[in-house]
Structure formats: structure tokens, C-alpha cells
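Observations on chain architecture
So you can see what is in the structure, the chains are spelled out below.
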Amino acid sequence: MSGTFVGMPAFPKAAHEAVGNQTLRANLRHATHTIRAKRANAVAEVSDWAELREAGKRIKDHTLRHLDRYLVQLEESVTAAGGIVHWAADADEANRIVAGLVKETGESEVVKVKSMATQEIGLNEALEAEGIRAYETDLAELIVQLGKDRPSHILVPAIHRNRGEIREIFAREMSEWGRPAPEGLTDTPAELADAARLHLREKFLRAKVGVSGANFMVAETGTLVVVESEGNGRMCLTLPETLISVVGIEKIVPTWRDLEVFLQTLPRSSTAERMNPYTSTWTGTTDGDGPRTFHLVLLDNGRTDTLADEVGRQALRCIRCSACLNVCPVYERAGGHAYGSVYPGPIGAILSPQLRGTGSEIDASLPYASSLCGACYEVCPVAIDIPEVLVHLRERVVQGGPVTREGNKVVLKPAKGHGAERAAMRAARWAFSRPGALRAGQRLASRTRRLHPRTLPGPGKAWSASRDLPALPAEPFRDWWQRTNGGTGDEGTAK
Amino acid sequence: MSSRERILGRVRRALADVPQDDPGYEDAVARDYLREHGSRSTEETVALLAENLADYRAVVHRCAADELASVLARLLAERKAAAVLVPPGLDEAWLAETDVARVPDRAESGAHELDRVDSVVTACAVAVAETGTIVLDGGPDQGRRRITLVPDHHICVVRVPEQVVSSVPQALERLDPGRPLTWISGPSATSDIELDRVEGVHGPRTLEVILVG
């Protein structure tokens, strides 16, 4: 994934710092609670939500289970419609393909519609290294790009910025990138949006190359779908002469009809609307309308490795609605940057360590960035059991075992830093299989309970830093049971 | 080995656990969801479309077929439009009562030319009542996708009740995936700044829908 996040500290450290930022916490709380409440209303409006959710889950599962067939079918139908299909095994290859295609046009700038896939591969940085400037055109992405910042939410990438900060960024940075911000710009959202409109319009009107992702690709017809609100997507998809779409291979649905499910569940789950303001669909190229050349870059970059994991593959059902972020108590306090990936929140905690592997410190820590409360599973419109995958990945981090990396089966070593946990588990296994030893240990613990420290020493320190140690009873349950005959004896009789 | 072969090979190895007799598409996907939500008369469906369009801040007008030309003339006058973009197949009678200068949608007209136009008038392919959506399919009376995008004011004419369906599933059935489609629900909007909804960033800031019939 993107080099942007190299050197990111592990989640607990990043989260600890973020939690101390009062402005960030206030912005996040306001945003997540607002979207959460709106979404619940939008979902309550449709009586068949459970059935739509089940259908979406099954369509995606079926597609993933036969992905080879649908990929080949998609390639055929896109080609038949006049598009050109490229395959990219990893981020470097995708970036090389896109940079090469832009150079062929002779252009040195591109306009981009917000895309998670191109952020994931670090396309903007790769293009810049080739002398090509990529302009983000979604308002929030523009704020992030001008602020030399990173997105922190899937749907509202600048959720961590308030209007005052945005005004300051526009006033300071817009002139570096093109049309400067108007004199005397205030911080009202309408004025800020207007400044963005003027700034970006000059780029749209001269753009020769557009770069996009896609929300869905229809295997049967070769149709691509982009769902958006502002119209920057429509600008990038229709004004340039060349359109390059970089899309993860998991974004396929088999048939045109399948869109009837996702065009109902995605808007309600993400922006809490009956329908988002704009949806564009295109099938190859159309004479006289829109780009004359259309390239589709199909991106693997860890997706086939994720597919190889029978428990973890359900993460590939994700339609990037971000509902799980807005209900997550951990995301609400830690914010998106702490996750160290373009996919923050609960879905990021299971997607990133699968796409990238759990080799780095941040990726090994992500399966722990959760309280396992299950709210993310409840809201997921394609029913991804995020807690199940989190626990599965924790097990993999601690115990190691066979995984697929870049298409090859490898055996993962247990992660460092979990030695104490493994030792504790081994000790527990030993004690639980020896009743005498367990009883003696429990008695000893009870009798010395006044002497116990409030936090654990040594390797247990990290564990007790964020938890209270359980209080020990004065008498072990087993002793009480024996003494009172399970509550029917003289002492301790249930009243 | 090409990347195509490499990726397809990885996919096949990753799916080694999927049995040969895994259910086919028809059997794997349950479609227990509704074709439309609730039951409405035709008139109620049109009323719901109007309500949902307005909820998303489109300006909705209703008129009889013989009033359309005067309504269009009035809306363009109120907007003080000096030039109006006209798709090649738009019914000429629609603009019979206005003398605002017509700008034809020509393939060679660039984006800058479109940017100087005040308003655009189009028909639509289908409208979805439950979501308050109009869908354009690039037909002759709707023109290329860009003409409803660059000008700041879009007037869209919906023939009721024949162009109105209740739901998204019903709309998809009527549409041809081979054509480029634009689904529009209210004018362009953003909620990127502290989640305050602001109409119009890049698309037309004003959408007026005339329900005719």
C-alpha cells in the first residue's frame, strides 16, 4: 500500500496521541453522531432492509467464489464496448501503467475523482515522481491535498478539519496550485465551497486526462459505476479525452440487475440519503459523448491473498460505505489517522492487515484496534462479520501459521511482543488441567490479595495500562462451594 | 507470465476450497426484497416524486402539456438567462414562447463554451419516485452528459405519469446499460465541511424539474 504511511507508529501509540487532541475529538464526535442518527432514519425508511442486506451479501460472496470467471467476463465486455483492460498485480505495476498511459497522451496533469484504490497505491506521489501533477477534485480531498495532510475517513476524508482550519488552508495554499482563494474569504461552508468551485473549474475545463476509481463494475455488460454528490466525478468522467479507471478486482457484480440492491443500500448506509445526488454509469466509450479513450486498470495488490483466507475473504465484500466507522467507539475517539492506512475504522482494521500482511508493527496492531462490541457488524450493509475476522487475525498475529503472500503460501512466525501472552496462556492450560495446582494457586491469590499491585509489572504492564485488574474475592469460589455445599449448607445460604 | 495470468492463477489457487458444484448465480442469490415500497396509485407515485425531489432541494413545477412552453419561458425569464443550451432532439414547441438565444449542443463545442451558457433544458429517460431521482440516458432530447453538468441551471422536463416509476429496481429494468447514464437526485451538493449541506460545488447549483401531464 501507499508509502505515505511508512513509519506510522502502531495503533495504540497513535491512538493515544489522537485521544489527547480535544479539537479532533470534538469534530469526530459531532460528525460520527450526526451521520449515525441520519443513517438509522434512512435505513428505517425501507421495510426490506434485512432482505436487501442478505441479497447484497450473497451477490458479493457468490462473485468472490467465482471471481476468475467474472474477471474474464468483465474483461471481454469492457473490451467489446471499446475499453482497454490492463492488469496490475501490485501498487508499483498499477502506478507504472497509469503513468505510462498519461505520458502517451503527452499531458503532464490529470484531474482525479476521489478513489480509495488510487490512494491505496499512492498514485499521486508516483505520478509526481514522473513529473505529472494530479489534482484531487472532491472538496474534502482538495482540503486534504492542499493541507498536505492525509484523509481520515472513507466518506468525509477531511472530517478532522473544522471550517476555520479549512479557510486557513484555502487562503494559504490555493495560489500554489492554481486560482487563489478570493480576497476576504470567510469560513462559512457556502463561501468555502464556492472558492473550491472556482479553483477547480479552471482545471476541469482544460483537463485532457481524468483518473477515477469505481464503486461497481458489471461483468455482464462491462458497465462501470461511480456514485458521488458534488459533480466533480461527472466532470472527471466526461470532460477529458482520456479516462483511466483504477479498480480493485473485488468490485465486480455479475449482472446489471444486481445494481438494484447496491444502489439502494450504499447511499442509505454511507451518506444516509435515499439516493446520492449523482450516479454515473458508463460502458466503454460512446461516440461524441465523453472520453474517446477508456482504460480500465484491474488491481490486485493483496486482494488475491485476502481471497485465499476463508475467514478473512469476507472483507472483500466491502462497498466502502463507511457506516462501520461512524458507529465505532474506537474510531470515534482515535480518528482515522491512527489506523495508519487509507482504510480506517473497523473495516480498515481487518482489510489493511490482510492486503498488506501483518509484518509491520502497525499492521500487527490493527486487529487489536477494536473493543469487539459488534456495532460494525450490525450496520454493515453487506453483513461483514468484522468481529469474527478481527479475532481470526489476532489469532494469526499471536500464533502465526500458514498465510498467502503475493500468491505464495508462507508460514507466518508468531509476532514478537506476544511472548508474555503466549506464556500466560500456556500456564493457564497447565493449571486448568491440574485441579490441585489450580486450587492451591487460587487460595494463594486470595490470601495475598491486599498485596497485589494495581498494575502488572514487566511484560503485563501494557495490558493493565488500559484495563483495571480484576478484583479477587476473599475466598475462591471452589472453596466457598465446598464449605457451603453450593449454598445449601449453614453458611452463606441464599436468602 | 503476464500479470493477467498471474492474477487469475492466484485467484484460482485462492479458491481451492470452493467445491465444483458450488451453487450457480441464480441459486446463490436470494431476492426476497421488495420490487417497490408500499402500494400507491399512479397519482400518488407522481406526488411522491415531487415530494422527494423537493426534499433534496430541487425546485418542482407541475403543469399541463399545453402550458409547458409558457412555464419554460417564465422560468428562463426569472433566471434572466441570456442563452439556453438545447439538445438536438428537444421538442421545438417547448421553447416556442421564449426568445432567449438557443445554443445548440454540438460535438465540437468545448467545455469553455458550455461554461458561458446560463441554462440548459432537457427531457429525461425515467424518474424514480421513492428516491426523487431523474435519470438521463443521453438520448436526443437529453444530449451529451456534459451539457447538464457545466451550466449552473438545469431545467428537466418529466412526462407524467409515463416516465415515472416507483423504485430503483423498476428504473433499472427500463434503462439500457449500453448508454451512458446520469442519475440526478437534487442539485449538486456537498457535506464535506462540518457536515453542513451546501448546494452546488461543481454541478448545476439549481435544478428545476417540470412534471408535465
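This section reports on the structure supplied with the text. (Residues numbered from 1 in each chain as written. Chains lettered and ligands numbered in written order. Predicted model: local features only at pLDDT ≥ 70, side-chain atom pairs only at ≥ 80, totals over all residues. Heavy atoms only, no water.)

**A word on the packing of aromatic side chains**
Residues and elements named next belong to chain A. All chains considered together, the criterion is met by eight aromatic pairs over all chains. With centroids separated by 6.2 Å and ring planes inclined at 70 degrees, the aromatic side chains of Tyr135 and Trp177 adopt a geometry described as edge-to-face. On the criterion of sequence distance, the pair formed by Tyr135 in strand 3 (residues 133-136) and Trp177 in helix 9 (residues 163-177) is long-range, its members being 42 residues apart. Just as Tyr135 is buried, Trp177 falls in that class too. Ring geometry for Phe477 versus Trp481: centroids 5.8 Å apart, planes at 45 degrees, classification tilted. Taken together, the residues span about one helical turn, with Phe477 and Trp481 both in helix 23 (residues 477-484) at a distance of four residues. With a relative accessible area of 55%, Phe477 lands in the exposed category. Sitting above the plane of the Tyr377 ring, Arg53 keeps its charged end 5.3 Å from the centroid. A cation over a ring is seen here: Arg133 above Trp177, with NZ or CZ 4.2 Å from the ring centre. (Phe/Tyr/Trp six-rings, centres within 6.5 Å; stacked < 30°, edge-to-face > 60°. Helix = DSSP H or I, 4+ residues; strand = E, 2+ residues; numbered from the N terminus. Buried < 20%, exposed > 50% of the residue type's maximum accessible area, 1.4 Å probe, protein only. Lys NZ or Arg CZ within 6 Å of the ring centre and 35° of its normal.)

**Comments concerning helix 8 (residues 139-146) of chain A**
When you tally the buried positions in helix 8 of chain A, you get eight out of eight residues, the bulk of the element. Buried residues of helix 8 of chain A: Leu139, Ala140, Glu141, Leu142, Ile143, Val144, Gln145 and Leu146 of chain A, and no others. Lining the buried residues of helix 8 of chain A we find helix 6 (116-120), helix 7 (123-129), strand 3, helix 9 and helix 10 (189-206) of chain A together with strand 10 (189-190) of chain B. The backbone nitrogen of Ala140 of chain A has a side-chain oxygen 3.1 Å away, supplied by the residue at the start of helix 8 of chain A, namely Asp138 of chain A. Just downstream of helix 8 of chain A, Lys148 of chain A is the residue with a positive phi angle, here 45 degrees. (Contact = heavy atoms within 4.5 Å. Polar contact = N/O pair within 3.5 Å; in protein donor to acceptor, adjacent residues only side chain to side chain.)

**Concerning the side chain of Glu230 of chain A**
Within the secondary structure, Glu230 of chain A sits in the loop between strand 6 (223-228) and helix 11 (232-238). Notably, Glu230 of chain A is buried but unbridged: the nearest opposite-charge side chain belongs to Lys114 of chain A, and the N-O separation is 9.6 Å. At 2.9 Å, the side chain of Glu230 of chain A forms a polar contact with the backbone nitrogen of Leu139 of chain A. The contact partners of Glu230 of chain A, leaving out residues within four places of it in the chain, are Thr137, Asp138, Leu139 and Tyr278 of chain A together with Ser188, Ala189, Thr190, Asp192, Val201, His202 and Gly203 of chain B. (Lys, Arg positive; Asp, Glu negative; His and termini not counted. Salt bridge = Lys/Arg side-chain N within 4 Å of Asp/Glu carboxyl O.)

**Some thoughts on the interface of chain B and chain A**
The interface of chain B with chain A comprises 75 residues on the first partner and 95 residues on the second. Of the roughly 7500 Å² buried where chain B meets chain A, counting both sides, 57% is carbon and sulfur surface. At the boundary of chain B and chain A, one finds 16 salt bridges. With its nearest N and O atoms 2.7 Å apart, the salt bridge here joins Arg201 of chain A to Asp115 of chain B. (Buried area = accessible area lost by both parts, 1.4 Å probe.)

**Concerning the sheet that holds strand 2 (residues 83-86) of chain B**
Residues and elements named next belong to chain B. Read from one edge to the other, the open sheet built from six strands follows the order 1-12-7-4-2-3, with strand pairing classed as parallel. Taken across any chain shown, the strands that pair with only one partner, and hence form the sheet edges, are strand 1 (59-63) and strand 3 (101-104). The sheet shows a mean angle of 25 degrees between the axes of neighbouring strands, taken without regard to direction. In terms of strand pairing, strand 2 meets strand 4 (residues 119-122) through two bridges, oriented parallel. Bridge pairing in strand 4 places Leu85 opposite Val120. Packed onto the sheet, helix 3 (residues 42-55) meets strand 1 and strand 12 (206-212) and runs at close to 150 degrees relative to strand 1. Strands strand 1, strand 2, strand 4, strand 7 (153-159) and strand 12 of the sheet are contacted by helix 4 (residues 68-78), whose axis makes an angle of about 165 degrees with strand 12. (Pairing = 2+ DSSP bridges. Axes fitted to C-alpha atoms, helices over the stretch in contact; angles between N-to-C directions.)

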